[in-house]
Amino acid sequence: FYAYMLSRWYPKRELWCKAWRSSWSFHTNNYVESWHNQLKSFYLGRSRCCRVDRIVYTLVELVEIDYRQYALQVKYGFKHMSLSAHEKQRK
């Protein structure tokens, strides 16, 4: 187990260990959980059982388009990028 951890996970420690992520603005998976909730609520209709092909189709055809549209709106000043509480404090 030690050899496995040392070879696989120790080189990537800044990705999973809070002690090595001092420059990051978040230390939890709250962003991932929030996005997962949006995916389930808005795009998948709270369906409890989705086939993989439906999820891939939704990600490629709907989510990506919405993401790109939002990014362009932020880029050209039509919308403001929402900041986390930590990012607001740093400003």
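Residues numbered from 1 in each chain as written. Predicted model: local features only at pLDDT ≥ 70, side-chain atom pairs only at ≥ 80, totals over all residues. Heavy atoms only, no water.

> Explain the overall build of the chain residue by residue, including any values.
Within the chain, the regular secondary structure consists of five helices and zero strands. Written out in order from the N terminus, the α and β elements of the chain read α-α-α-α-α. Counting over 91 residues, the chain shows a buried share of 10%. By sequence separation, contacts in the chain at least 24 residues apart represent 18% of the contacts at least 6 residues apart. (Helix = DSSP H or I, 4+ residues; strand = E, 2+ residues; numbered from the N terminus. Buried < 20%, exposed > 50% of the residue type's maximum accessible area, 1.4 Å probe, protein only. Contact = heavy atoms within 4.5 Å.)

> Can you explain a nonpolar patch on the surface? Please cite residues and give values.
Judged by side-chain polarity, Phe1, Tyr4, Trp9, Leu15 and Trp16 come together as a nonpolar surface patch covering roughly 640 Å² of accessible area. Those elements that place two or more of their residues in the nonpolar patch are helix H1 (2–9) and helix H2 (13–16). With respect to the element layout, Trp16 can be found in helix H2. (Patch = residues over 30% accessible without salt bridge, like charges linked within 9 Å, V, L, I, M, F, W, Y side chains within 5 Å. Areas by Shrake-Rupley, 256 points an atom, 1.4 Å probe, with all protein chains shown as cover. Salt bridge = Lys/Arg side-chain N within 4 Å of Asp/Glu carboxyl O.)

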